[in-house]
Amino acid sequence: MNNTLLAAALLCLATTACSESTKVSDDLPESSANLENPTGRTERVESGATAKPVRIGEGGPRFDACQSVGEVGRHDSGALPVLSAPFDAAAKKDSLAPGQRVYICTRSIDQQWFGIVYDKAPAAEEGAPAGPGDCGVSSPVRAKRNYDGPCASGWVESIYVVLVAG
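Let me sum up the structure you'll find in this document. (Residues numbered from 1 in each chain as written. Predicted model: local features only at pLDDT ≥ 70, side-chain atom pairs only at ≥ 80, totals over all residues. Heavy atoms only, no water.)

Before going further, it helps to examine the overall build of the chain. Looking only at helices and strands, one finds 2 helices and 9 strands in the chain. In the chain, the succession of helices and strands from N to C terminus is α-α-β-β-β-β-β-β-β-β-β. A total of 166 residues make up the chain; the buried ones form 28% of that total. Excluding contacts between residues fewer than 6 apart, the proportion of contacts in the chain whose partners are at least 24 apart in sequence is 73%. With the model as given, the accessible surface of the chain reaches about 11,600 Å², and the carbon-plus-sulfur share is 53%. (Helix = DSSP H or I, 4+ residues; strand = E, 2+ residues; numbered from the N terminus. Buried < 20%, exposed > 50% of the residue type's maximum accessible area, 1.4 Å probe, protein only. Contact = heavy atoms within 4.5 Å. Areas by Shrake-Rupley, 256 points an atom, 1.4 Å probe, with all protein chains shown as cover.)

This is how it looks when you write it as structure tokens:
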């Protein structure tokens, strides 16, 4: 029995060794011979910065949706630009005056950007800091999600925001 199996295996091996070989390029007429870029893919270039929504509820269901409150400090241009994503090339959505209070809901991985929620209503008294307003982020939410509440949201550079609470 073993001799029969051995003979069958040798016969299969011999027929495989004698079969006609083909090259990959024969099977794929559209294949590239460029060794530098064999797939033919080009580098992805973004035509413009894409928006990244501000996430709330990152602390979990037992904590407020946005766990900190901050106050906008002085910016080189006077008003702090609010961007649509956490990087310099992102589109400008708005700007905030010094003293404006904001909810800090999330941070970029490198901690250079805050994802904020803010109310653009004017301050109640002249010279008083504008409060963050009732934006629906002072109580817990069940799960992490993008902010879609009544106030505005966006991304600001963290060095221009001073933590006030949280």
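The next point concerns the environment of Gly 149. Relative to the assigned elements, Gly 149 resides in the loop between strand E7 (145-146) and strand E8 (152-157). With a relative accessible area of 33%, Gly 149 lands in the partly exposed category.

Mapped onto the elements of the fold, Ser 108 is located in the loop between strand E5 (101-107) and strand E6 (113-118). Note on Ser 108: relative accessible area 9%, which makes it buried. Ignoring sequence-local partners within four residues, the contact set of Ser 108 consists of Pro 86, Trp 113 and Trp 155.

Here the focus is the state of the cysteines. Enumeration according to the criterion identifies 2 disulfides in this entry. Across a sulfur-sulfur distance of 1.8 Å, Cys 66 and Cys 105 are joined as a disulfide pair. Every disulfide takes its handedness from the sign of the S-S torsion; for Cys 66 and Cys 105 that torsion is 85°, giving right-handed. Here Cys 66 is found in the loop between strand E1 (55-56) and strand E2 (68-72), whereas its partner Cys 105 is found in strand E5, with 39 residues between them in sequence. Comparing Cys 66 with Cys 105, the two get one shared label, buried. Put simply, Cys 135 and Cys 151 are joined by a disulfide, and their sulfur atoms are 2.0 Å apart. Looking along the S-S bond of the Cys 135-Cys 151 disulfide, the torsion reads about -90°, which is the left-handed sense. Placement of the pair is Cys 135 in the loop between E6 and E7 and Cys 151 in the loop between E7 and E8, with a sequence separation of 16 residues. No difference in accessibility class separates Cys 135 from Cys 151, as the two residues are buried. Regarding the disulfides, the chain carries the connectivity 1-2, 3-4 under sequence-order numbering of its bonded cysteines. (Disulfide = S-S within 2.5 Å.)

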